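# Chain and residue survey
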Amino acid sequence: MMIDSLGAIGAFLLAVCALPELFSSFRRGYCGTSWGFLQIWFWGEVTTFLYIIFTSMDVYLLTNYSLNIILILCLFYYKTKPPKPEPVIVLENFLILKD
C-alpha cells in the first residue's frame, strides 16, 4: 500500500513537471524551450504511453503520460504562437533641466 502511494506521488509530480514552463510561456506569450527538446519529450511520452496501453495499463503511468502529452501540446501552441509585443515606453517630452 505504501509503495502504491509512492508511485502515485511520483507519477503526479512527473505529470505536472511541465507546469512551470507552461505558466512562464503564458506570462511571456511564447515558449522559450527549444524545438528539439519539445519534440524529443513529446515523442518519448507518446511512445511510452502506447507501450503502457499495450502491456500493463497501469493507471498511474497512463495518467502521468496523458497529462504530460496535454501539457506538451500546450507548449507547442505557445511555441508556434507569435510572441506578445513588448511594451514600448515613450519618454517623449521628458527633460531634466539643471541650473
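Residues numbered from 1 in each chain as written. Predicted model: local features only at pLDDT ≥ 70, side-chain atom pairs only at ≥ 80, totals over all residues. Heavy atoms only, no water.

### Observations concerning the nonpolar core
Taken as a class, soluble globular proteins show a tendency for nonpolar side chains to be buried jointly. Counting 17 residues, the largest nonpolar core has L38, W41, F42 and L75 as its most contacted members. For this core, the elements supplying multiple residues, two or more each, are helix 3 (35-55) and helix 4 (59-80). A total of eight residues in this core trace back to one element, the largest contributor, which is helix 4. Sequence-distant contacts of L75, that is, excluding residues within four places in its chain, are made with A18, E21, L22, S25, C31, L38 and W41. (Core = buried A, V, L, I, M, F, W, Y, C linked by side-chain atoms within 4.5 Å. Buried < 20%, exposed > 50% of the residue type's maximum accessible area, 1.4 Å probe, protein only. Helix = DSSP H or I, 4+ residues; strand = E, 2+ residues; numbered from the N terminus. Contact = heavy atoms within 4.5 Å.)

### Let's talk about the confidence of the model for the chain
When the pLDDT values of the chain are averaged, the result is 84; 84% of them are 70 or greater. The lowest-confidence element of the chain is helix 1 (residues 2-15), averaging 82 in pLDDT; the highest-confidence one is helix 3, averaging 94. (pLDDT = per-residue confidence, 0-100.)

### Side note on the packing of aromatic side chains
What the rule picks out here adds up to five aromatic pairs. Between F42 and W43, the aromatic rings sit 4.9 Å apart at their centres with planes inclined by 75°, giving edge-to-face as the arrangement. Given the relative accessible area of 48%, W43 is considered partly exposed. Ring pairs connect the aromatic residues W35, F42, W43 and F76, which therefore count as one cluster. A cation over an aromatic ring shows up here: R28 above the ring of Y30, its NZ or CZ 5.0 Å from the ring centre. (Phe/Tyr/Trp six-rings, centres within 6.5 Å; stacked < 30°, edge-to-face > 60°. Lys NZ or Arg CZ within 6 Å of the ring centre and 35° of its normal.)

### Structural notes on the pattern of salt bridges
One pass over the full model with this rule turns up one salt bridge. E21 is paired through a salt bridge with R28; the nearest N and O atoms lie 3.2 Å apart. (Salt bridge = Lys/Arg side-chain N within 4 Å of Asp/Glu carboxyl O.)

### Side note on the environment of Y60
With respect to the element layout, Y60 can be found in helix 4. With 53 residues separating them along the chain, Y60 and G7 place their C-alpha atoms 7.3 Å apart. Leave out the neighbours within four places in its chain, and Y60 touches D4, A8 and A11.

### Concerning a nonpolar patch on the surface
A cluster of nonpolar residues, L50, I53, F54 and M57, forms a patch on the protein surface that exposes about 410 Å² of accessible area. Within the secondary structure, F54 is located in helix 3. On the basis of relative accessibility, which here comes to 69%, the residue F54 falls in the exposed class. (Patch = residues over 30% accessible without salt bridge, like charges linked within 9 Å, V, L, I, M, F, W, Y side chains within 5 Å. Areas by Shrake-Rupley, 256 points an atom, 1.4 Å probe, with all protein chains shown as cover.)

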